[in-house]
Amino acid sequence: MVDIHRNPTRAVRIGSLTIGDDQPIAVQSMTATSTTDVDATVAQVNDLHAAGADLVRIAVDSVKDATALAEIRRQTAANLVVDLQENYRLASQVAPHVDKIRYNPGHLYHHERDKPWQEKVRFIAQVAAEHDCALRVGVNCGSVDPAKSAQYDPQDSLTPMLQSAVEHCELLDSFGFTRYCVSLKDSDPYQVIEVNRRFAERRHDVPLHLGVTEAGLPPDGIIKTRIALEQLLSRGIGDTIRVSLTVPNRRKSEEIEVGRQILADIAEGRVRSVVDYGLSTLNIISCPSCSRVENEAFVELAQQVKEMTQYADQHALTIAVMGCRVNGPGETDDADLGLWCGPHYVNLKRGHQLVGAFAYDEILSKLKEQLDELIAARTA
């Protein structure tokens, strides 16, 4: 057993669970069902709970979702986290039914744009305190507050993330609300390592939720996640983890199994070198299947993209396959080619530029055209 000295983070209670303060590292996942489908969501929550999930997250983006959440709560004993999307005011409707609220600082500007973000955070913190909820400040690489990103070099994606997280921590502290944790996620495991290392240096007292967003399909998604978690947890950084895999609904519990195995391997010193991770080969990233996905064909499409692009696996290009409008538009920007999926069409991007929106049955051929053009340009 490896003796790992954990960061001295403070304790944060989330329902029946406590993270931080040298407590066992918690493993969590997120539902991939439509939240308004109560039966399907309850079944998945309970399946994840039975598989060993310490926390289960559910996305809420509407009053209908919030109403469904009340019934979901009545049918499960799992510790529940709600993932607020763009409407921060839904916090007051969901807080009575969950143990933690996750909000994304980059999404606070969508509603009531003239209201300072500080007032919106105050509202969320007050609601959480009134209903015995913890908070997670969830910062994602593709959805950083535009005002914060504009303050830094466009090539520097980490500093805006770091500063956003630190500012929100300082604001919550000023309210006297300290029952929170932070996450800083990217689809590149090395970026995840660096930004979390830097945050832990600045705020070693704040528990960290670790994960690689859009890690993708197994086994690649597992490898990416393992790289980041091995490097951070072995340094004592991290209090709870999420393994984000693009898998069908029936296989979501694999995220828990993989997370537990990674933790066990790190504890026993069974870690691998990260030196040869595919930096000079094709990199396909895809987001985890979750309740934000508006067409379940997304999971199959991600697999088809992986299979179709095998002929290009020796080219250092990145293709991103995103399942929803929440993360898709922003988190495909850094990819050479990006797909973000809507209910009926798939939006194809080349860097920041939109190529067009295509039906699911024609997107692969359109993607191949763009991929061939990129390869030809690079090898000319």
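See above for the structure.
Here is a short report on the structure shown in this document. The numbering scheme is per chain: residues are counted from 1 as the chain's sequence reads. Local features in a predicted model are, by the rule used here, given only for residues with pLDDT of at least 70; side-chain atom pairs are given and counted only at 80 or more, and totals for whole chains, interfaces and linings are based on all residues. For side-chain calculations, the full set of non-hydrogen atoms in the structure is used, while hydrogens and water are omitted.

Let's talk about the overall build of the chain
Looking only at helices and strands, the chain features 12 helices and 15 strands. Only the C-alpha atoms count toward the radius of gyration. The rule for a globule is 2.2 Å times the residue count to the power 0.38. For 380 residues, the compact-globule formula gives about 21 Å, and the C-alpha radius of gyration of the chain, at 20 Å, lands near that figure. Counting only residues that meet the buried cut, the chain has 56% of its 380 residues in that class. All accessibility values rest on the Shrake-Rupley procedure with a 1.4 Å probe; residue burial counts only the protein chains present in the view. For the chain, the accessible area works out to roughly 15,300 Å², and carbon and sulfur atoms hold 48% of it. If the 40 positive side-chain charges of the chain are averaged to one point and the 53 negative ones to another, these points end up 3 Å apart. A run of H or I in DSSP becomes a helix once it reaches four residues, and a run of E becomes a strand once it reaches two; helices and strands are each numbered from the N terminus. Exposure is judged per residue with a 1.4 Å probe applied to protein chains only, and the accessible area is read against the type maximum: over 50% gives exposed, under 20% gives buried, and values in between give partly exposed. For this count, His and the chain ends are skipped, Lys and Arg are scored as positive, and Asp and Glu as negative. To locate a charge, take NZ of a lysine, CZ of an arginine, CG of an aspartate or CD of a glutamate.

Considering the environment of His111
Structurally, His111 can be placed in the loop between strand S6 (100-103) and helix H4 (117-130). Sequence-wise, His111 and His204 are 93 residues apart; in three dimensions their C-alpha atoms are separated by 32 Å. In what follows, residue pairs with any heavy atoms lying within 4.5 Å of each other are defined as contacts. Excluding residues that lie within four positions of it along the chain, His111 makes contacts with Glu86, Asn87 and Lys120.

Some details on the side chain of Asn196
Mapped onto the elements, Asn196 comes out in helix H7 (residues 189-202). Residue Asn196 is classed as buried on the basis of its relative accessible area of 0%. Those residues in contact with Asn196, other than ones at most four positions away along the chain, are Leu184, Leu208, Leu210, Leu232 and Ile237.

Re the pattern of salt bridges
A pair is scored as a salt bridge if a Lys or Arg side-chain nitrogen falls within 4 Å of a carboxyl oxygen belonging to Asp or Glu. Under the definition given, this model contains 27 salt bridges. Close ionic contact of Arg102 with Asp83 constitutes a salt bridge, the shortest N to O distance being 2.9 Å. You can see Arg102 sitting in strand S6 and its partner Asp83 sitting in strand S5 (residues 80-84), a full 19 residues away along the chain. We note a salt bridge from Arg242 to Glu255, for which the minimum N-O separation is 3.2 Å. You can see Arg242 sitting in strand S10 (residues 240-242) and its partner Glu255 sitting in helix H9 (residues 254-267), a full 13 residues away along the chain. The two residues Arg242 and Glu255 agree in class, both being buried. Bridged by salt links that share partners, the residues Arg10, Asp173, Arg203 and Asp205 form one connected network.

Some details on the sheet that holds strand S13 (residues 337-341)
We call two strands paired when DSSP finds no fewer than two bridges between them. Reading across from one edge, S11-S12-S13-S14-S15 is the order of the five strands in this open sheet, with mixed pairing throughout. For this open sheet the edge positions go to strand S11 (283-286) and strand S15 (353-359), each flanked by a neighbour on one side alone. Taking the axes of each pair of neighbouring strands and ignoring which way they run, one obtains an average angle of 15° across the sheet. Two elements, S13 and strand S14 (residues 345-350), share five bridges in a ladder whose sense is antiparallel. Within S14, the position partnered with Leu337 by the bridge is Arg350. Orientation is described by axes fitted as lines to C-alpha atoms, over the contacting stretch for helices, and by angles from 0 to 180 degrees between their N-to-C directions. Sitting on the sheet, helix H10 (residues 297-308) touches S11, strand S12 (318-322), S13 and S14, and the angle it makes with S12 is about 165°.

Things to note about the packing of aromatic side chains
In summary, the pairing rule links any two rings of Phe, Tyr or Trp, Trp by its six-membered ring, whose centres are within 6.5 Å, and it sorts them by plane angle into stacked for under 30 degrees, edge-to-face for over 60 and tilted for everything else. Counted under the stated rule, the structure contains one aromatic pair. Relative to Phe123, the ring of Tyr88 has its centre 5.7 Å away and its plane inclined at 90°; by these criteria the two rings are edge-to-face. Here the residue Tyr88 occupies a position in the loop between S5 and helix H3 (91-94), and Phe123 occupies one in helix H4, the gap between them amounting to 35 residues. In terms of burial, Tyr88 and Phe123 fall into one category: buried. Here Arg10 stacks its cationic end above the ring of Tyr180, 4.7 Å away from the centre of that ring. For a Lys NZ or an Arg CZ to count as sitting over a ring, it must be within 6 Å of the ring centre and within 35 degrees of the ring normal.

Examining the pairing of strand S8 (residues 180-185)
Within S8, six of the six residues are buried, which leaves the element mostly enclosed by the surrounding structure. Of the two faces of S8, the one holding Tyr180, Val182 and Leu184 and the one holding Cys181, Ser183 and Lys185 are both buried throughout. Direction of pairing for strand S7 (residues 134-140) relative to S8: parallel, over a ladder of six bridges. Looking across to S8, one finds that Val137 is bridged to Val182. Where S8 lies against strand S9 (residues 208-210), two bridges are found, and the strand directions are parallel.

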